Amino acid sequence: SLCPHGKTTMAPQLFERQLKDGAWGLTLATPQQVRIALEYGAKRILLANQLADTKAIAWFQHCLDADPELDLICLVDGLEGVSLLEAVPGGRPFSVLLELGRPGGRCGARDLETALTVARAVKASKRLRLRGVECYEGILVSPDTDSDRAHIEAWLDELGELARACATEDLFETDEVLLSAGGSAYFDLVAARLAAVELGRPARVLLRSG
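Only a predicted model underlies this, so the values are computations on that prediction, with no experimental measurement involved.

*Asks:* Please clarify how the overall build of the protein chain should be interpreted in this entry.
*Replies:* Counting its secondary structure elements, the protein chain contains seven helices and seven strands. Reading the protein chain from its N end, one meets helices and strands in the order α-β-α-β-α-β-α-β-α-β-α-β-α-β. Here the protein chain has a C-alpha radius of gyration of 16 Å; the compact-globule value for 210 residues is 17 Å, and the two agree. C-alpha atoms of the protein chain, sized along the principal axes, occupy 45 × 40 × 30 Å. Counting all 210 residues of the protein chain, 49% fall into the buried class. In the protein chain, the share of contacts with a sequence separation of at least 24, taken over all contacts with a separation of at least 6, comes to 66%. Total accessible area on the protein chain stands at roughly 9,900 Å², and carbon and sulfur atoms take up 51% of it. Looking at charge distribution, the protein chain has the averaged site of its 23 positive side-chain charges lying 5 Å from that of its 30 negative ones.

The structure is reproduced here in structure tokens:
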């Protein structure tokens, strides 16, 4: 499914056309961008980032509690992020995707065991619900495309391994697990690799290309 990255255009008219033409939802990068999408009627938004500001977290919680039809999802990659989300009181729980990164990368849990530790903390929380796993493979783009391909395929396979481990431990709290990666350069690899992940339960592959 397509969940196009709205920050590419920040044009509400294009948001409307993309959703009307069948996009699953919209991806955005900051709370300010999410606010604009909400003002123009978007009902399903993936914030491809963590909420690290308590005011922004409180605003997200307010939006969730004010509109039962609103589906807002954000990312987590560490226990600190889980604690921040848990600290804000509210009604509806936060939906989160667990981000898997790479050693030395800009974001994401650095290895499978670290990621699983975060997933278990989400499952233990009354304020959070684990909806799936994701990564941003776009950080590996370089002129050496053959090397990129091998690294990206290995990363996506590791993401699939993480999803299977979470499913085995029953850490997902959702009717449909979301498997997602966010770059625009290798969306064909993302689609093929993640579609092959077998979890024994319904799953959806989300492509977030701009």
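On we go.
*Asks:* Is there a simple way to explain the side chain of glutamate 134 in this structure?
*Replies:* Along the chain, glutamate 134 turns up in strand 5 (residues 128-135). A relative accessible area of 0% means that glutamate 134 is categorised as buried. Excluding its chain neighbours within four sequence positions, the residues that come into contact with glutamate 134 are Leu75, Leu97, Leu98, Glu99, Leu100, Leu159, Ser180 and Arg208.

*Asks:* Mind showing me how you'd approach unusual backbone geometry here?
*Replies:* Leave glycine aside and you will find that most residues have negative phi; peptide bonds, for their part, are mostly trans. In this structure, methionine 10 takes a positive phi of about 50 degrees despite not being glycine. Note that methionine 10 resides in the segment before helix 1 (12-20). Although it is not a glycine, aspartate 170 adopts a positive phi angle of roughly 55 degrees. Inspection of the secondary structure assignment puts aspartate 170 in the loop between helix 6 (145-168) and strand 6 (177-181). Classification of aspartate 170 as partly exposed rests on a relative accessible area of 43%.

Conventions we followed
- Residues numbered from 1 in each chain as written.
- Predicted model: local features only at pLDDT ≥ 70, side-chain atom pairs only at ≥ 80, totals over all residues.
- Heavy atoms only, no water.
- Helix = DSSP H or I, 4+ residues; strand = E, 2+ residues; numbered from the N terminus.
- Rg over C-alpha atoms; globule rule 2.2 N^0.38 Å.
- Buried < 20%, exposed > 50% of the residue type's maximum accessible area, 1.4 Å probe, protein only.
- Contact = heavy atoms within 4.5 Å.
- Areas by Shrake-Rupley, 256 points an atom, 1.4 Å probe, with all protein chains shown as cover.
- Lys, Arg positive; Asp, Glu negative; His and termini not counted.
- Charge placed at Lys NZ, Arg CZ, Asp CG, Glu CD.

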